[in-house]
Amino acid sequence: MFSYCTDPQTLEGLAWMACYLTTGKHLLFYGSFFVVIGLMFVTVPCALAMGFAGALASRSQIAPLRWIGKSYSALVRGVPDIAFFLFVPLALDQGLEWLRLKIKCPDWDQPIRQGNDFVVCAAAKLPLSSAPQWQHEVYGIVLAIAAFSFVFGAFAAFVLSGAMNAVPRAQLETAEAYGMTRRQTTWRILVPQMWVYALPGLSNLWMILIKATPLLFILGVEDIVYWARELGGHKTGAYDYPHGDWRLWYFLALLVFYLSLTRVSEVILGRLSRRLSRGQATMAGEEMRRAA
Amino acid sequence: MSCVETFQNYALRSIGLGERLLPKTDFTLCDHFVLIGSGLIWNVYFAVLALFFGFFFATAIALARNSRSAALRKPAQWYIFVFRGSPLFIQFFICYEALTLLPKNGIEINLLFTEITAGTRWLTRAWAGALIVLFLNTSAYTGEIFYGALRSVPKSDLEAADAYGFSGWARFRRITWPTMLRLAWPAYTNEAIFLTHATTLVFFSSFPAWQQKGDALYYASYFADKTFNPFVAYPILAFYFILLSLAIIGAFGLVNRRLNRHLPQDRRAAFRPRPALMR
């Protein structure tokens, strides 16, 4: 990074530190912070969509759909989320390969589970074994996003269906009195009004999502925890680092990162909730009106 | 091997009793159920002890947070902020790294007349180290819940207590504390459920499962890795955890009934066993 870094023998103290913190590996480490934040921003719309579908399903008039919607959110909340983070990518991977097997190799006659192996024809492998390395990595990240969306979709479904129930009953009855169909009532009356009730739950969910991101490490994504362990340890598989065991310091840096992320989110969400309460017929809105 | 034999060999495997070698091939449903159930011992151990000790510490934290003196309030605020604002996973890592940095041979403590060596090796083991982290973590979350409840104790209750001549410790013990618990109980039930779920993280963070003595998720993922089939082990794990969650809801529901026993039947708030989102 800096010109004086070329000869490490001459370096002392701060100059050494500056060089150390700008090595190629460290730049990858800094990049992984953006990977984590990026992943969160991709997960949020996916999880909201899943949650919205789940919440609508749990209010459906068709009984099987209602059961699916209700059991989806109840099941995920009753089981540790990390179990789903381990389960969903593997299950999704095998499900997709099985589907591709049905399409691409219709004359495949062997069982797909042979002893302790899952066997599909070469053309059905996902990604293909001939695919370049980056495709494998992207596939892993996509599976991780799917797992996060599945879990947080269930949480969002819980929050959103609670919010839908919180919309005053009189509003819906009025809509019915005006002759709106059920579908019209849902989309024109219920959905626009539910967001202010959903906001506290959704901000809580965002906090939980932030705090769940280190689990990406378990899914094999090269995230900040991976790099912190890699760079902090005093030796890796390949070579020794010129320092002792610094993992504690790296993890403390991660701690500071997460604390600032949650703090900033808290402040922003607090402002958002104040903005949304303005003019609402709720306790917060009434307090604002009095204060003004 | 019949199921009874499997049970005899592996029911206590997670605490080191019974057969040493884990099953390697030909896993039966019975193997799955027994071994994952055996791992559940650790989840219950961590959850019960962390919740028990955390309950008292959280009360202290809530009181400190509510205190007028900044010397008490500020540390409590920071404690809650640090533990609620950061992922439990990172807390496990930091704690493990910090504990391994302690000298391996123990710390010499020089008392006036004799010298004793306090061993530190056991602190890096999961049963102690992870328990400390879980205890500190749940205390922070519970402390925040209790603090919120403490702030919403009705003023009239306290005025009535004053009128009856209660003060100091008696007022806290008889009036403030029970009311606080009553208000906090539904949220605290959620916290208990989510802490129990969080115990599955222990062996997936730094703490090593020594001699393959792990918790339920450890064995479930062992099976899933070996058979490459996630559709058996994880549903069994889910089944166990749903049972555990229901047990927690039942136990906390009983306490809730006792806390509200003075209220007339129709004024008792319905105890809703729906795990909301707290963590």
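So, here's what we can say about the structure. (Residues numbered from 1 in each chain as written. Chains lettered and ligands numbered in written order. Predicted model: local features only at pLDDT ≥ 70, side-chain atom pairs only at ≥ 80, totals over all residues. Heavy atoms only, no water.)

1. Things to note about the packing of helix α7 (residues 168-198) of chain B against helix α9 (residues 230-259) of chain B
Residue and element names in this part refer to chain B.
In step 1: Running from N to C, α7 and α9 cross one another at 165°; their axes reach a closest spacing of 10 Å. Taken as axis vectors, α7 and α9 run roughly antiparallel relative to one another. Between α7 and α9 the crossing geometry is right-handed. Contacts from Leu181, Arg182, Trp185, Tyr188, Thr189, Ala192, Ile193, Thr196 and His197 of α7 reach α9 at Phe241, Leu244, Ser245, Ile248, Ile249, Phe252, Val255, Asn256 and Leu259.
In step 2: Across the contact of α7 with α9, the residue classes break down as twelve nonpolar, five polar and one charged. (Axes fitted to C-alpha atoms, helices over the stretch in contact; angles between N-to-C directions. Helix = DSSP H or I, 4+ residues; strand = E, 2+ residues; numbered from the N terminus. Parallel < 35°, antiparallel > 145°, perpendicular 65-115°, else oblique. Left-handed = near helix turned anticlockwise from the far one by under 90°. Contact = heavy atoms within 4.5 Å. Nonpolar A, V, L, I, M, F, W, Y, C, P; charged D, E, K, R; others polar.)

2. Digging into the nonpolar core
In step 1: Among the nonpolar cores identified, the biggest contains 141 residues, and Phe152 of chain A together with Ile36 and Phe146 of chain B are the most heavily contacted of them.
In step 2: Per element, the largest residue contribution to this core is 13 residues, and it comes from helix α5 (residues 133-166) of chain A.
In step 3: With residues near it in sequence (within four places) discarded, Ile36 of chain B still touches Asp31, Ala216, Tyr219, Ala220, Phe223, Ala233, Ile236, Leu237 and Tyr240 of chain B.
In step 4: Leu101, Cys105, Phe118 and Cys121 of chain A belong to the second-largest nonpolar core, a separate cluster that totals six residues. (Core = buried A, V, L, I, M, F, W, Y, C linked by side-chain atoms within 4.5 Å. Buried < 20%, exposed > 50% of the residue type's maximum accessible area, 1.4 Å probe, protein only.)

3. Things to note about empty space enclosed by the protein
Residue and element names in this part refer to chain A.
In step 1: Here the structure, examined in full by the defined rule, presents two cavities of 30 Å³ or more.
In step 2: By volume, the second largest cavity amounts to about 60 Å³.
In step 3: Lining the second largest cavity are Leu39, Met40, Thr43, Ala144, Ile145, Phe148, Leu209, Thr213 and Leu216.
In step 4: Broken down by secondary-structure element, the contributors of at least two residues to the lining of the second largest cavity are α2 (24-58) and α5.
In step 5: Its residues placed into classes, the lining of the second largest cavity shows seven nonpolar, two polar and no charged. (1 Å grid on protein atoms, 1.4 Å probe; cavity = no way out; pocket = protein on both sides within 12 Å on 5 of 7 lines; lining within 4 Å. Points joined across faces, edges and corners; volume = space filled by probe spheres on them.)

4. Some points on the state of the cysteines
All names here are of chain B.
In step 1: This structure, assessed with the given rule, holds one disulfide over all chains.
In step 2: Covalent S-S linkage joins Cys3 and Cys30, the inter-sulfur distance amounting to 2.0 Å. The sign of the 90° torsion about the S-S bond sets the Cys3-Cys30 disulfide as right-handed. Highlighted residues: Cys3 in helix α1 (residues 3-10) and Cys30 in helix α2 (residues 29-65), separated in sequence by 27 residues.
In step 3: Judged by relative accessible area, which is 13%, Cys30 ranks as buried. (Disulfide = S-S within 2.5 Å.)

5. Describing the pattern of salt bridges
Residue and element names in this part refer to chain B.
In step 1: Applying the stated criterion across every chain, the model contains five salt bridges over all chains.
In step 2: Salt-bridge contacts for Arg65 lead to Glu144; the nearest nitrogen and oxygen are separated by 3.7 Å. Residue Arg65 is found in helix α2, and its partner Glu144 is found in helix α5 (residues 126-151); the two are separated by 79 residues along the sequence.
In step 3: On the accessibility criterion, Arg65 (16% relative accessible area) is buried.
In step 4: Given the relative accessible area of 22%, Glu144 is considered partly exposed.
In step 5: A salt bridge links Arg171 to Asp162, with the nearest nitrogen and oxygen atoms 3.1 Å apart. (Salt bridge = Lys/Arg side-chain N within 4 Å of Asp/Glu carboxyl O.)

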